[in-house]
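Descriptive analysis of the structure
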Protein chains: 8
Amino acid sequence: MEPRLVREMLERVRTGELAVEEALDALRGLPFRDLGVATVDHHRALRQGVPEVIFGEGKTPEQIALIAGEISGAGQNVLVTRVDAAKGAAVSALVPAFRYVPLARTGSIEVAPLPKRAAGAVAVVTAGTSDLPVAEEAIETLRAVGLEAKRLYDVGVAGLHRFLHRVEELRKASAVIVVAGMEGALPSVVGGLVAAPVVAVPTSVGYGAALGGFTALFGMLTSCASGVAVVNIDSGFGAAMVVHRMLPKE
Amino acid sequence: MEPRLVREMLERVRTGELAVEEALDALRGLPFRDLGVATVDHHRALRQGVPEVIFGEGKTPEQIALIAGEISGAGQNVLVTRVDAAKGAAVSALVPAFRYVPLARTGSIEVAPLPKRAAGAVAVVTAGTSDLPVAEEAIETLRAVGLEAKRLYDVGVAGLHRFLHRVEELRKASAVIVVAGMEGALPSVVGGLVAAPVVAVPTSVGYGAALGGFTALFGMLTSCASGVAVVNIDSGFGAAMVVHRMLPKE
Amino acid sequence: MEPRLVREMLERVRTGELAVEEALDALRGLPFRDLGVATVDHHRALRQGVPEVIFGEGKTPEQIALIAGEISGAGQNVLVTRVDAAKGAAVSALVPAFRYVPLARTGSIEVAPLPKRAAGAVAVVTAGTSDLPVAEEAIETLRAVGLEAKRLYDVGVAGLHRFLHRVEELRKASAVIVVAGMEGALPSVVGGLVAAPVVAVPTSVGYGAALGGFTALFGMLTSCASGVAVVNIDSGFGAAMVVHRMLPKE
Amino acid sequence: MEPRLVREMLERVRTGELAVEEALDALRGLPFRDLGVATVDHHRALRQGVPEVIFGEGKTPEQIALIAGEISGAGQNVLVTRVDAAKGAAVSALVPAFRYVPLARTGSIEVAPLPKRAAGAVAVVTAGTSDLPVAEEAIETLRAVGLEAKRLYDVGVAGLHRFLHRVEELRKASAVIVVAGMEGALPSVVGGLVAAPVVAVPTSVGYGAALGGFTALFGMLTSCASGVAVVNIDSGFGAAMVVHRMLPKE
Amino acid sequence: MEPRLVREMLERVRTGELAVEEALDALRGLPFRDLGVATVDHHRALRQGVPEVIFGEGKTPEQIALIAGEISGAGQNVLVTRVDAAKGAAVSALVPAFRYVPLARTGSIEVAPLPKRAAGAVAVVTAGTSDLPVAEEAIETLRAVGLEAKRLYDVGVAGLHRFLHRVEELRKASAVIVVAGMEGALPSVVGGLVAAPVVAVPTSVGYGAALGGFTALFGMLTSCASGVAVVNIDSGFGAAMVVHRMLPKE
Amino acid sequence: MEPRLVREMLERVRTGELAVEEALDALRGLPFRDLGVATVDHHRALRQGVPEVIFGEGKTPEQIALIAGEISGAGQNVLVTRVDAAKGAAVSALVPAFRYVPLARTGSIEVAPLPKRAAGAVAVVTAGTSDLPVAEEAIETLRAVGLEAKRLYDVGVAGLHRFLHRVEELRKASAVIVVAGMEGALPSVVGGLVAAPVVAVPTSVGYGAALGGFTALFGMLTSCASGVAVVNIDSGFGAAMVVHRMLPKE
Amino acid sequence: MEPRLVREMLERVRTGELAVEEALDALRGLPFRDLGVATVDHHRALRQGVPEVIFGEGKTPEQIALIAGEISGAGQNVLVTRVDAAKGAAVSALVPAFRYVPLARTGSIEVAPLPKRAAGAVAVVTAGTSDLPVAEEAIETLRAVGLEAKRLYDVGVAGLHRFLHRVEELRKASAVIVVAGMEGALPSVVGGLVAAPVVAVPTSVGYGAALGGFTALFGMLTSCASGVAVVNIDSGFGAAMVVHRMLPKE
Amino acid sequence: MEPRLVREMLERVRTGELAVEEALDALRGLPFRDLGVATVDHHRALRQGVPEVIFGEGKTPEQIALIAGEISGAGQNVLVTRVDAAKGAAVSALVPAFRYVPLARTGSIEVAPLPKRAAGAVAVVTAGTSDLPVAEEAIETLRAVGLEAKRLYDVGVAGLHRFLHRVEELRKASAVIVVAGMEGALPSVVGGLVAAPVVAVPTSVGYGAALGGFTALFGMLTSCASGVAVVNIDSGFGAAMVVHRMLPKE
């Protein structure tokens, strides 16, 4: 991997600039920092163009603070997802720079300027009001990777006039993130009307046969509109990252 | 139950016209005929206004012929559902009057005139061409209970123009049967546009996450359009019977 | 859609009464109001003859109050479903006109007279006492759309005498809503005895193999009584809306 | 285990009638015969009062013939279940004494007289005609353990009159086996009407939401009639064996 | 139903002792009492030889007190199952005669002597200590129907010595209730060693692949020991009622 | 929708060039053709830049030939997916221009030149040899929308050397389609190494706990590599369409 | 079983040293102690070389203290698993010697020296920080059976550099326990790189399609790396016990 | 990875023995051979001590022959699993050296001597005769990695005498593979009696609630005997590979 770097190092070994053992160390001295409970990867930003993102569930506030401190201390922005209100407050108490967004259940530390990208705004559409937290998680993530969002909320297919009214706005978007629970029909309708990339996020909104989001998930995967990309249930973060990969990085 | 009949019998017992043991027998001599492998109910037509319907799966052609003969011999029409082509041919060989409809996988014996009903045509809508067999089963059943059908096929939501084009036709229907597989989004859109009864039939069309029709089933049950009635997967028969109950009987 | 209106508008364009740009605006000026977190559809009542209904789960009391205020401010009645006691109290504090019904977990604001309908009372039957909340949600919804209910509670099939005792009452109903958990056998028995429309509501009553209502749901979908319409688990609201669509609107 | 036998053996060791090593061998010389592909247990009849039963699925005709020969050669009757027609013919060709019953998909070799039992007939009830194969498997098994059966077929709850008509017959039975697919409601109704033991057998009859018999299985497990014993899907054999354990052995 | 009573009544109608309308009323005047939220069946004891049992989940303390009062007021014993500690205390406050058993999560009111039955003790076996609450629910139910229990706790198959040690006790039982969670293997071993009826109760003990009791349930249904009757997960009550039906009533 | 066209039409109505009824007809005369069994949408190509694609399952060869003929007769290319060998032969017999590709189970009729796109080749990676049919379906679809593919087959993560060896090739791709069954781990590894869009296709390769592809599906949806887009099981077509939406259209 | 002991006893019976009844008692007097709620097996350590382990879920603190006291009173070490913080505190209050480890949710009483084993350290690897509690449960169990652990935490496959960096450490381990949630891909990669035994523990880390650990479980069972042993979800204990069985006991 | 090799190569670069570009090539020239449809890994034997194993499902006979030829041509043994009889014959026709074993559904080409290992025989135990194919697949795989097997067939727990009779044989085994379908109880009993490693293989034997092997799988994962390692359903191959990793390689 990274043969250019290897080639340079080998050249320096050949010319004697670099001792064999040093070269071996360098090959081993990969850009990780072992914190005991976590192994932080300082080069992911280089490899993928994104900040390190911390999955907040199942971690204590102390663990989050430790990992986030390691990253931000190296000059990189941090995004933490799936942080409930209590944990958000606890991390904020430990790390004053932690900006917690309750609706999105995310927090961030921004020590570097956010990236600037040329791509137009990403439309973030929800079928209902109860889908907002997932949509806002997507928008916070888009922000972290330098993309703007355009909100179109509560435009589900049962009120088709409501939806058709805003099709023009959808057609202008560089990509569309569609957030819907229950039967998850909205991406099929959106996918049939726009040619741009469509990323569908099933949500756990609904009860009974909604199966905690699996009905929407399966519905989106079998959408009769072709070319709809799907991510995990309630994963606004995942949808934003799919869009991040798709759009030009600068 | 049927207190009028009981009252009349009691009157006749009181007046001595009817002996106690005879009354007891009469109460027991209910209108059933035990054929060994089946118990035929000649009075269901009276009670529910429908012919006896035979579920063809898991029955041999000989059993179907025996039961159908018993019913038609009593002057009632018979409908047999879920009869594959081989079984249809076998029953036809045994019962020449058996009219087999391959696309609907149904057969019938009509010895009495079909009922006449005042209700307007029932719209039978499919999302795709692969949903036809289920739709045709519904239409054969509607016919058996005296209702006409209007076909609107292959108008799924991914091509919304295709669908909106025919909304006026939908709005004229006395009821709408919506047949759809995959994500089953069509009933949500239909339910949002028409005020008439909407009966949704999930089909087993699709693969993988379509779950053999369960994704459509669950999607229809959690439809964001309110008041959508749902029946079993691939049950065109069931949908037609729901409509039969809803519409005026004459 | 709505070709009569389009034709009139086109006539006015032709005669010069209406400027092209104005016509275009009118076509766009659909009867929605975008509240940021929700898009309220003031014309649904016209299209479907029902008030806007708010799904209370996953919404904050503030969001409910905002949306309900927008609707009732426009002179329309509001029904909110799946509101637990704490949220009900919070909305009541924000909106004094909010009438909360704890047993049904619904709330409503009634600023217009309830509709009057000619249809006879709808029988609402439960298999057990634990099914009451779902039955009461159905009854509150029936009320909102102008229909009366007749309660027949705790008449499950294990005590068949108890049930047969009340068949005559069932036979008089314009429609029957059957609410049952556990094995969900009651709609099969009811469906076999009455010719009226039967809408089955599975409930999450029961444990273990009751699967949180799915056993009742699947049992109802495969009922050996034909023509039983099924709605989502615990959805008294959904059942009432199916009945609303079926019965004459005036 | 079997302390009486151990005590006798110990007595004989004490008196010197039996050498220690012989006693050890005897303790080891258990009544098994290792056939390579199977280990036949000649004493199960003693321990449980039933013949060895061979589960036919997944065994070759040669394996069935080998095992059945070992058992019948020792003078015991053999019952083989779940043998399809082709395998039944193949075993019959190898073992002329093999009596194959196509409807029940069972075969048997009877080299000893069937047991005689005092218990009254067991009622075997089916909801529909398609449930017959499972009911007949139960009846063949009852026969093998010395019990008589009374058939009541096709008396499902959707035609309640049909069912109530025969309640008296049910009430006379020493036990009731109820065989039903689809929603599996029949055991709830039977259980509510009779005080005798009720064993419910779900069948894989039905489609879609019938889930290949799991809906009936779960429905029976959550029956609102208390005290219904349940066995595996399509296991007429299992139901008969439950009854065998319940009823007096002589 | 109950032809003897009908015959007597008919005789009295014939002799003029009973007016037709009175007979009709009598036929309708079935022994139910409609409490609004519940319909109490005072004759179930006659029909099935058991007291009315109230399923405590999903009912308020007030509803339980009302129903239990109606039953005990008529001189019948009451058993209430699945009552957690808080609800148990609340009912006790309303009904002083309510005897709450925390470990079994049951309560009872005993206003009549418990039945006396000749059958020997029923062995109640658990695989582990965590299965106790379910076993105790079974034992409370056995008590209510006049049967004694013999406890054999924590004798799972992983410690086979522990289990074999007690086989003689099992063999003396009139029936065996086996309570086990996790993989539910114990009934297979018990069923292979005793000839008496075996009723298996899966419990929700375990985590992950234990599936909240479904693994034990399915394991018991497919037990390689034949004739094992199975009831719902955690249903000690159900198992006791199966045993109640099996054993002589006096 | 399409306000530019509506504006032009309105202008022509205003100037009298177009009669009101003609305008109304034009608004209705949408570009559909109703074939009875299907409704062909000739403008989808315009709206989404793709040919009409026919889902071959559940359609007869005659239906496929009819629909494909309608489309190709209008000068558009046709792609048919999920066509097994027998059906492929049948369609070929009816439509000589039908080019059937057995490995991909697709067929096509190409009457217009394939589109030319500037985007670089799309890497199509499989974990094993058994995943080939799905990969080839993706490649046939990419071809239909004007994209080239680079095959990297059988490079699963259990042989990581095999995989790392080809990372450079992956990094050059404009997008990566990863096709994997069993545990579906490959997209996580790919997603961690490349910054380009990654579309994961679960396949039904594997047995037992592979759950017919659902294990791979769920694994991909919960991939620890962020931004992986997922499509339905075995849907090489779906993955190619996601890529089609992402990449520049010219 | 244990024929050597039986032989000795038989010898003593033969020589008259042991009376028949005494021998019978001895055969029955197996090394169990019945505590009412539990049956403690003091010989398991002899049979399997491990201490008695108490499954803490579903047991009261009093029951745990009673059982643990019985075992430790006999001089054996005790390990209690799945003890949450509240229960841990309650047991500690009852049994001062109880050492509770919050992160591992385990407690222990060590009255005998821990075993010493020659095997090298076991590598315990986690995919993420949220998997720590399961890993620590494994490590506490390894300690109890005399094995050392080497922690390698947060080295998931999405950051492959991070993982490859530590492969040499893995290759030195006597066995590898791999703990991973979400898609559970790590064991496939580990299994492909090391020849030592690999035991995979799925964790319930993740949401939505992670299915509470079942996605990881199924993924590990279908791992493309052959020879990966799998244990129950979140069962660090189970994994350690598999390793215990594999490695030399001394 | 493989730092010793890298170090040697670096030394040779330093000394000028190896040119930089040659070193780079060597690093790239990994021991793979790309066959188009497969990438063969000739060094896996070195890394893991096992031959390349081909998963036969989903591959054509031609693909199997091609891959097997590549491997055996390099002097390595080949094992192919899950090859049905027809495919086995087809491969044998293409590759005469292919030795097909019908009962195990495996085939092999042995061009090198099988490894010799010091470990004692592995006990392969089945619960029933229908489990034989899976057991034989395990035995063929054990043979390929140099291990001997001891068969103990048809010793399920329902006939405990049959099983206890052979415990001594189990206790002598170096490891035990337990193959069982239905409820999968056998590993719990085995695991409680022996201290050696126990690997459990669930099989798809059984019907209905056996869930195609998942009931056995889940039962084994939640076994009350600790330290049971589990592999995929029907994966005799997987179990043998777990044992291969555990036991000394020479």
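Residues numbered from 1 in each chain as written. Chains lettered and ligands numbered in written order. Predicted model: local features only at pLDDT ≥ 70, side-chain atom pairs only at ≥ 80, totals over all residues. Heavy atoms only, no water.

In the nomenclature of an unreviewed UniProt entry, chain A is known as Nickel pincer cofactor biosynthesis protein LarB of Sorangium atrum.

Some thoughts on the overall build of chain A
What counts here: Note on conventions: DSSP H or I runs of at least 4 residues are helices, E runs of at least 2 residues are strands, and numbering of each starts at the N terminus. Between buried and exposed lies partly exposed: a residue is buried under 20% and exposed over 50% of the maximum accessible area for its type, with that area taken using a 1.4 Å probe on protein chains only. Surface accessibility in these figures is a Shrake-Rupley result with a 1.4 Å probe; residues are shielded only by whichever protein chains are displayed.
Looking only at helices and strands, chain A has eleven helices and eleven strands in total. With 250 residues in all, chain A has 66% of them scored as buried. Here chain A has roughly 8300 Å² of accessible surface; of this, 56% comes from carbon and sulfur atoms.

What about the relation of the copies chain B and chain C?
Under the convention used in this document: The superposition of copies rests on a least-squares fit of C-alpha positions from residues with pLDDT of 70 or more in both. Residues are treated as being in contact if the distance between any of their heavy atoms lies within 4.5 Å.
In screw terms, the move from chain B to chain C is a rotation of 180° and a rise of 0.0 Å along the axis, fitting with an RMSD of 0.1 Å. A rotation of that kind, with that shift, is consistent with a two-fold axis. In this assembly, 100% of the residues forming the interface of chain B have copies in chain C that are likewise at the interface, indicating an isologous arrangement.

Observations regarding the sheet that holds strand S3 (residues 52-55) of chain D
All names here are of chain D. Basically, it comes down to this: Strand pairing requires that DSSP identify at least two bridges connecting the strands. Orientation is described by axes fitted as lines to C-alpha atoms, over the contacting stretch for helices, and by angles from 0 to 180 degrees between their N-to-C directions.
Taken in spatial order, the four strands make up an open sheet running S3-S4-S6-S5, and their pairing is mixed. Strands at the two margins of the open sheet, each flanked by one partner only, are S3 and strand S5 (99-101). Strand-to-strand, the axes of this sheet are offset by a mean angle of 20°, without reference to chain direction. Here strand S4 (residues 78-81) pairs with strand S6 (residues 106-109) via three bridges, running antiparallel. Bridging from a neighbouring strand, Val 80 pairs with Gly 107 of S6. This element, helix H4 (residues 61-73), spans S3, S4 and S6 of the sheet and lies at about 180° to S3.

Focus on the side chain of Thr 215 of chain C
Note the following rule: Pairs of N or O atoms are called polar contacts if they sit within 3.5 Å, as long as, within protein, a hydrogen donor faces a hydrogen acceptor (for residues adjacent in sequence, only side-chain-to-side-chain pairs).
Take Thr 215 of chain C: it is sitting in helix H10 (residues 214-221). Looking at Thr 215 of chain C, its side chain comes within polar contact range of the main-chain oxygen of Ala 209 of chain C, at 2.6 Å. Excluding residues that lie within four positions of it along the chain, Thr 215 of chain C makes contacts with Met 182, Glu 183, Ala 209 and Ala 210 of chain C together with Thr 215, Phe 218, Gly 219 and Thr 222 of chain D.

Points about helix H6 (residues 132-144) of chain E
All names here are of chain E. Under the convention used in this document: Residue count minus one, scaled by 1.5 Å, sets the expected span of a helix.
Counted at 1.5 Å a residue, the expected span for H6 with its 13 residues is 18 Å, and the 18 Å between its end C-alpha atoms agrees. Taken together, the buried positions of H6 are occupied by Leu 132, Val 134, Ala 135, Glu 136, Glu 137, Ala 138, Ile 139, Glu 140, Thr 141, Leu 142 and Ala 144. Gly 146 lies just past H6 and shows a positive phi near 90°.

Some details on the UniProt feature "transmembrane region" (unreviewed entry) in chain A
Our working rule: UniProt positions are given in the numbering used here, feature names are shortened, and annotations may be inferred rather than shown by experiment.
In the numbering adopted here, UniProt assigns the feature "transmembrane region" (unreviewed entry) to residues 175-199 and 205-231 of chain A. Along residues 205-231 of chain A the backbone is 30% helical and 11% strand, and the end-to-end C-alpha distance reaches 16 Å.

Looking at the sheet that holds strand S5 (residues 99-101) of chain C
The pairing of strands in a sheet comes from backbone hydrogen bonds and takes either a parallel or an antiparallel form. All names here are of chain C. In space, the four strands of this open sheet follow the order S3-S4-S6-S5, with mixed pairing throughout. Edge positions in the open sheet fall to strand S3 (52-55) and S5, since each of these has one partner strand only. Geometrically, the sheet is characterised by an average inter-axis angle of 20° between neighbouring strands, direction not taken into account.

With respect to the packing of helix H6 (residues 132-144) of chain G against helix H11 (residues 236-246) of chain G
Residue and element names in this part refer to chain G. Inclusion rule: In this scheme, roughly parallel covers angles under 35 degrees and roughly antiparallel covers those over 145, while 65 to 115 is roughly perpendicular and the rest are oblique. By convention, the crossing between two helices is left-handed when the near helix turns anticlockwise from the far helix through less than a right angle, and right-handed when the turn is clockwise.
Where H6 meets H11, the closest approach of the two axes is 7 Å, and the angle between their N-to-C directions is 40°. What the angle tells us is that H6 and H11 run oblique. When the axes of H6 and H11 are compared, the crossing they make is right-handed. In this structure, H6 uses Val 134, Glu 137, Ala 138, Thr 141 and Leu 142 to contact H11, whose residues at the interface are Gly 236, Phe 237, Ala 240, Met 241 and Val 243.

Section: helix H5 (residues 85-94) of chain B
An α-helical turn contains 3.6 residues, so any two residues separated by three or four positions project in the same direction. Residue and element names in this part refer to chain B. The cut-off we apply is this: Arc, as used here, means the arc of the directions from the helix axis to the C-beta atoms.
Residues of H5 that are buried include every one of Lys 87, Gly 88 and Val 91, and no others. Looking straight down H5, one finds that the buried residues subtend no more than 105° of arc, so they occupy a single side. In H5, those exposed residues whose orientation departs by more than 90 degrees from the buried face are Ala 85, Ala 86 and Ala 93. Of the surrounding elements, those touching the buried residues of H5 are helix H4 (61-73) and strand S5 (99-101).

What to know about the environment of Val 101 of chain F
Residue and element names in this part refer to chain F. Along the polypeptide, Val 101 turns up in strand S5 (residues 99-101). By relative accessible area, which is 16% here, Val 101 ends up buried. Distance in space between the C-alpha atoms of Val 101 and Asp 154 is 21 Å, their sequence separation being 53 residues. With near-sequence residues (within four places) excluded, Val 101 lies in contact with Thr 106 and Glu 140.

A word on the pattern of salt bridges
Put simply, the test is: Salt bridges are defined as contacts in which a side-chain nitrogen from Lys or Arg sits within 4 Å of a carboxyl oxygen from Asp or Glu.
Tallied over the entire structure, the rule returns 64 salt bridges over all chains. Residues Glu 57 of chain C and Arg 82 of chain C are paired through a salt bridge, measuring 2.7 Å at the closest nitrogen-oxygen approach. Placement of the pair is Glu 57 of chain C in the loop between S3 and helix H4 (61-73) and Arg 82 of chain C in the loop between strand S4 (78-81) and helix H5 (85-94), with a sequence separation of 25 residues. Given a relative accessible area of 27%, Glu 57 of chain C falls into the partly exposed group. Each of Arg 99, Glu 110, Glu 140 and Arg 143 of chain A takes part in a single network of salt bridges with overlapping partners.

Topic: the interface of chain B and chain C
We apply this condition: Note on terms: buried area is the combined drop in 1.4 Å-probe accessible area of two parts once they are placed together, counting the loss on both. Charged means Asp, Glu, Lys or Arg here, nonpolar means Ala, Val, Leu, Ile, Met, Phe, Trp, Tyr, Cys or Pro, and polar covers whatever is left, Gly included.
The interface is formed by 35 residues belonging to chain B together with 35 residues belonging to chain C. Three residues stand out in chain B for area buried against chain C, namely Leu 221, Ser 226 and Arg 245 of chain B, and they jointly supply 23% of the buried area on that side. Here chain B is connected to chain C by eleven residue pairs in polar contact (both at pLDDT 80 or more). Elements with a minimum of two residues in the side of chain B that touches chain C: helix H3 (44-48), helix H8 (167-172), helix H9 (186-193), helix H10 (214-221), strand S11 (228-230) and helix H11 (236-246) of chain B. If you tally residues by element for the side of chain B that touches chain C, the top one is H11 of chain B, at six residues. Looking at the side of chain B that touches chain C residue by residue, the classes come out as 21 nonpolar, eight polar and six charged.

Here's the deal with the UniProt feature "domain: PurE" (unreviewed entry) in chain A
Under the local residue numbering, the UniProt record ascribes the feature "domain: PurE" (unreviewed entry) to residues 120-250 of chain A. Structurally, residues 120-250 of chain A comprises 39% helix and 18% strand, and the distance from its first C-alpha atom to its last is 12 Å.

Some points on the packing of helix H10 (residues 214-221) of chain G against helix H10 (residues 214-221) of chain H
Across the interface, H10 of chain G lies against H10 of chain H with an axial gap of 13 Å and an inter-helix angle of 100°. By the angle class used here, H10 of chain G and H10 of chain H are roughly perpendicular. Counting all contacts with H10 of chain G, which are made through Phe 214, Leu 217, Phe 218 and Leu 221 of chain G, the residues of H10 of chain H involved are Phe 214, Leu 217, Phe 218 and Leu 221 of chain H. In terms of residue class, the contact of H10 of chain G with H10 of chain H is built from eight nonpolar, no polar and no charged.

Some details on unusual backbone geometry
Residue and element names in this part refer to chain D. Positive phi values are uncommon outside glycine, yet Asp 154 reaches one of about 65°. Here Asp 154 shows up in the loop between strand S8 (149-152) and helix H7 (160-164). Owing to a relative accessible area of 10%, Asp 154 belongs among the buried residues under this scheme.

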